[in-house]
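Here's the letter readout for the chains.
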Amino acid sequence: MAAAENADRRRSVLIVDDSSLVRLYYHGALEKAGFAVEQAINGIEATEKVFAHNFDLLIVDINMPGMDGLSFVRDMRRRKEDIATLPILMITTEAGETDIVDARDAGVNYYLIKPVSEADLIRHVTALAGTPP
Amino acid sequence: MNQLQEQFISETKELILQATDDLMAVERFGFDAERIDRIFRAFHTLKGSAGVVDLPAMALVLHAAEDLLAAVKAKMRPVTTALVSEALQCLDQVSAWVDAFEARGALPPQAGERARDAALRLRALLSDNKKSSGTPDKSRPDWVAALIEQVPATDISAGPLLAVDYEPLPGCFFNGDDPLALIAAIPELLALSVEPRDPWPPLPDMDPFACNLRIRAIAAATREQFAGIFRLVPDQVEVFELAPTTAPAAAGPDVNGSGALLDNIIVCQIAMLDAAKAADDSYGRYGSAARAAANALRHFARDDLASEVEAALEAAFARQSASLVRDALRNVASGLAAPLEANDRETASPAASNRSLRIDEARIDSLFNLSGELIVAKNSLAHLSRLIEPVVGEGDLGRNIRAANETLDSLITEMHAAILQLRMVPLSQLFRSFPRVVRDLCLRLDKRAELTIQGGAAECDKKVVERLFEPLLHLVRNALDHGIEAPDERRESGKPELAHIALEAARAGDRLVLEVRDDGRGINPAAVRAKALERGLMPVAEIAALSDEDATQLIFSAGLSTAGAVTDISGRGVGMDVVRNTVEQLGGKIAVTSRLGVGTSVRLDLPINVAMSQIMVVAAGGQLFGLPMDLVSETVRLTPDRVSRIKNNRGFVLRNRIVPICSLAEVLDLTCQPADSQAPGLVIVVEVGGKIVALEVDAIHDRLDAVLKPMQGLLANAPAYSGTTMSADGRVLLVLDVRELFS
Amino acid sequence: MTVRRGPGVIHVEGACGVEEAEILLQAVVEAPGAVIDWSACGRLHTAVVQVILAAKGPVRGPCGDPWLERWVARMARQ
């Protein structure tokens with residue numbers, strides 16, 4: 001892809017979170033900021049979507065029933081090529097450092113601690129998705 | 001001034017410098033616990049010391065600053081430009097007071113009033129102003145996120161989602177309002193928080209009829225529904241939409257001080273790579289790390305580093321090696337830190353300076369003078385020992401005298417060099433106030449510029465460094481005021497909004513080269529020529545004959561300013577001509593290069609040591625004079641046929657330039673020997689103030705390294721002489737100030 | 001309808017309007033540490049709820065008003 005085309009295209013993100021309220025909230029904020037947004041309610045749905053579309057960034061909540069966030073990330077990192085190298089932003093809790101350390105070990109690229117304000121979300125997503133300055 | 005007060009003065013000055021650096025670093029790179037703590041402790045210590053030496057006004061304003069910093073330390077107040085500005089201004093005030101205290105032993109009379117005003121301004125930043133503490137743009141306030149977290153995962157289909165912030169007036173009960181009843185009327189309530197607006201008073205003091213609540217809620221309701229419910233209290237309610245809208249806006253640029261985030265992202269990738277255990281996720285790890293890092297780098301306009309990372313990823317994939325990516329990221333991390341180093345070296349280890357000794361400058365000066373006299377003495381001894389050789393003959397005595405003389409010579413030279421070193425200070429001392437200058441000027445001029453500093457470790461004589469401050473300051477101010485364009489203009493010309501000023505120093509042998517470079521609009525040679533014409537600086541033909549490069553150098557001429565108006569920032573009394581004079585007085589040279597639309601660079605070339613001058617001894621009008629070598633370009637023996645006469649002036653051609661000839665004896669008003677028109681003349685070509693002149697002398701003798709003694713007594717104000725020194729055979733040699741001779 | 005004192009207990013019963021806030025506050029001030037029992041309360045005016053929140057004392061529920069129990073009770077139980 002030519003650098004110029006690549007630079008200006010709309011970045012797309014996938015929100016993976018079991019709370020519809022959270023998904024709605026992030027979705028609104030990100031769409032307003034110019035991103036193409038999709039949602040997944042758990043790791044399984046997220047995996048389907050990741051194979052179906054190209055995303056620039058995944059936003060994953062650490063606590064999900066069923067396949068929890070960390071398992072999902074570990075699974076992603078073992079996939080092939082473009083899927084394995086997807087940048088992942090994890091929303092963790094501040095419950096001790098273990099969450100953050102576990103996230104790092106699982107292969108998460110960056111983390112934010114709940115609650116995440118809209119301003120912080122946008123700031124970090126624009127940087128990690130490579131939005132032009 | 002007693003010892004306690006002296007200690008207070010020197011400690012305070014040091015703390016102020018440290019705190020200034022830390023404040024600016026925190027403004028640039030974001031909250032840093034260690035730095036904030038240092039700043040807090042600095043204010044705390046300053047406050048205490050002010051109390052000890054009984055300066056209550058100073059203590060008052062420092063106390064306010066300390067409280068403010070305490071709030072920042074506790075993360076209850078964010079680091080904002082306004083806060084940093086106030087803190088810096090506080091330090092400025094304290095610094096001015098310390099100077100006054102040092103000079104007169106007391107603070108100026110209005111100090112108390114100033115202190116009260118300043119303390120008020122500082123404390124104003126502590127109070128929670130509801131309307132201004134929220135984000136100025138239309139993004140939702142932070143409490144929304146916290147409230148959302150309270151909601152257990154529920155199943156809501158996409159639909160309206162609103163947040164409301166309801167702060168009833170204290171007297172609302174008297175209006176018949178029942179705030180909670182209104183909230184209870186909200187359909188599809190999802191989250192609610194009810195908090196006291198102000199801290200609850202002790203129960204006996206509480207007024208049961210004054211409403212002290214702040215109510216916040218999130219609901220899946222429509223604006224119409226909300227409008228209906230709150231129709232009687234619209235002034236007390238703020239409603240925010242949370243659901244996605246259909247019109248995407250462009251992602252805005254990061255305005256929050258990007259430095260810290262980029263650093264953090266890079267660091268996180270490195271940490272994630274270091275935590276790798278299994279081998280089967282290796283590609284995913286280093287691939288995603290590279291992608292995330294490159295993304296962030298491009299977002300922060302560091303395409304150069306992003307390309308490095310991407311290249312490393314390709315290589316890593318080809319070789320199945322994660323370490324290539326890890327190494328590239330490490331390089332990027334230190335590449336990001338590099339411009340920081342020059343500014344930050346002072347703050348990086350404040351404890352390191354404890355190994356130095358505070359010495360009175362006067363002591364070093366007297367040591368230095370003694371050493372200078374020793375040099376003169378050794379020169380005359382050397383001369384004598386040469387004279388004595390034929391007398392004493394080839395025997396042991398002669399050899400021993402020679403050997404002893406050589407030993408003495410080298411020891412004294414070495415000692416002089418060591419003492420000279422004592423006066424050497426790193427340029428970083430000079431540079432450290434410039435980040436602040438640039439910052440303040442940018443705020444004032446509404447421009448955005450970043451200053452990078454390099455070569456602060458280079459050392460130079462203290463006297464030179466001190467005298468360089470004013471000219472450098474003028475050059476930097478000039479760059480910001482006239483060179484760098486306003487952000488709009490820059491954007492239109494396709495330049496990054498953030499302009500760049502570089503302050504760089506490097507040693508080249510025994511010279512020091514300083515450069516002030518900007519990427520602004522450059523100097524227009526046509527404009528300079530036009531101004532020169534207007535001011536009648538030189539004949540029209542000469543102006544026209546100048547190359548563009550030479551025309552640009554005209555900015556150093558007195559009386560020439562191409563700026564439309566003399567602004568108070570760079571116009572007052574310190575013109576480029578004064579800058580050049582100062583530089584030349586220090587024995588240096590200055591030149592400017594510029595490309596229209598691209599930028600300007602001013603280069604200063606200075607000797608590292610002003611103390612020792614190389615002197616050329618010449619004879620003119622029957623006397624011996626010293627001519628400082630740093631101005632001498634070359635010496636030429638002129639045969640009469642090369643000399644041309646134009647009216648009363650003589651000149652000759654040197655490499656396609658016409659060089660005028662002046663007889664040094666005439667210039668010095670000495671009786672000339674009648675010129676032997678057949679004998680070749682001896683001229684010394686000197687370069688002064690951008691011009692070239694050939695000084696005609698009778699003879700050129702030897703050269704010597706001399707320490708100049710300033711002119712004394714009756715001759716102290718005699719123009720044309722910069723000092724005296726001793727010639728090898730013990731005669732006093734007047735050293736000429738060539739600049740003055742031709743000014 | 002009313003604020004009624006018992007031994008170590010302050011009962012808040014029925015629907016209470018704004019004027020009950022003063023009575024409740026007085027009761028709480030005069031009997032610090034008493035439990036506020038709102039299990040039989042009806043609709044409470046904000047001013048009354050405010051006093052309960054400010055008292056920060058022990059509260060016995062569940063609150064008679066389901067809406068308050070759902071949304072406000074946890075804040076009273078701090």
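Residues numbered from 1 in each chain as written. Chains lettered and ligands numbered in written order. Predicted model: local features only at pLDDT ≥ 70, side-chain atom pairs only at ≥ 80, totals over all residues.

## Describing the overall build of chain C
Step number 1: Looking only at helices and strands, chain C has 4 helices and 5 strands in total.
Step number 2: Secondary structure elements of chain C, listed N to C terminal, follow the sequence β-β-α-β-β-α-β-α-α.
Step number 3: Looking at chain C residue by residue over its 78 residues, the buried ones come to 38%.
Step number 4: For chain C, contacts bridging at least 24 residues in sequence account for 50% of all contacts bridging at least 6. (Helix = DSSP H or I, 4+ residues; strand = E, 2+ residues; numbered from the N terminus. Buried ≥ 20, exposed ≤ 12 C-beta atoms within 10 Å, placed from the backbone. Contact = placed C-beta atoms within 7 Å.)

## Quick look at the overall build of chain B
Step number 1: Looking only at helices and strands, chain B features 25 helices and 22 strands.
Step number 2: A total of 743 residues make up chain B; the buried ones form 35% of that total.
Step number 3: Partitioning the contacts of chain B with sequence separation of at least 6, the portion at a separation of at least 24 is 69%.

## Some details on helix α1 (residues 20–30) of chain C
All names here are of chain C.
Step number 1: Buried residues of α1: E20, A21, L24, L25, A27 and V28, and no others. Taken end-on, α1 shows its buried residues confined to a sector of 160°, consistent with a single buried face.
Step number 2: Along its buried surface, α1 packs onto β1 (2–6), β2 (9–16) and α2 (46–55). (Arc of directions from axis to C-beta.)

## Points about the interface of chain C and chain B
Step number 1: If you look at the interface, chain C gives 19 residues, while chain B gives 16 residues.
Step number 2: Contributing elements (two or more residues each) for the side of chain C that touches chain B: α1, α2 and α3 (66–71) of chain C.
Step number 3: A total of 8 residues in the side of chain C that touches chain B trace back to one element, the largest contributor, which is α2(C).
Step number 4: Its residues assigned to classes, the side of chain C that touches chain B shows 15 nonpolar, 3 polar and 1 charged. (Nonpolar A, V, L, I, M, F, W, Y, C, P; charged D, E, K, R; others polar.)

## Some points on the pairing of strand β1 (residues 162–166) of chain B
Consecutive side chains along a regular strand alternate between the two faces of the sheet.
Residues and elements named next belong to chain B.
Step number 1: Of all 5 residues making up β1, 4 are buried, and the element is well covered by its neighbours.
Step number 2: Judged from the 5 bridges that link them, β1 and strand β3 (residues 213–219) form a sheet pairing that is antiparallel. Residue pairing across strands places L162 opposite A219, the latter belonging to β3.
Step number 3: In this structure, β1 lies alongside strand β4 (residues 237–241), joined through 5 bridges in antiparallel fashion. (Pairing = 2+ DSSP bridges.)

## So, the sheet that holds β1(B)
Residues and elements named next belong to chain B.
Step number 1: If you walk across this open sheet you meet the 4 strands as β2-β3-β1-β4, and the pairing is antiparallel. Edge positions in the sheet fall to β2 (189–196) and β4, since each has one partner strand and no second. Going from strand to strand, the sheet's axes swing by 10° on average, the running direction of each strand aside. (Axes fitted to C-alpha atoms, helices over the stretch in contact; angles between N-to-C directions.)

## So, the environment of Y166(B)
Residue and element names in this part refer to chain B.
Step number 1: Among the secondary structure elements, Y166 is positioned in strand β1.
Step number 2: When the 20 C-beta atoms within 10 Å are taken as the criterion, Y166 is described as buried.
Step number 3: In sequence terms Y166 and F230 are 64 residues apart; their C-alpha atoms lie 9.4 Å from each other.
Step number 4: Non-local contacts of Y166, meaning those with residues more than four positions away in its chain, are made with P179, I215, Q236 and V237.

## Digging into helix α20 (residues 525–534) of chain B
Helical periodicity: at 3.6 residues per turn, an α-helix aligns residues three or four positions apart in one direction.
All names here are of chain B.
Step number 1: Where α20 is concerned, the buried positions are P525, V528 and A532. Buried residues in α20, looked at end-on, bunch into an arc of 60°, giving them a common side. Opposite the buried face of α20, by more than 90 degrees, sit the exposed residues A526 and E534.
Step number 2: Those residues of α20 hidden inside the fold are in contact with α21 (540–545) and α22 (548–553).
Step number 3: With its phi angle positive at about 65°, G536 sits one or two positions after the end of α20.

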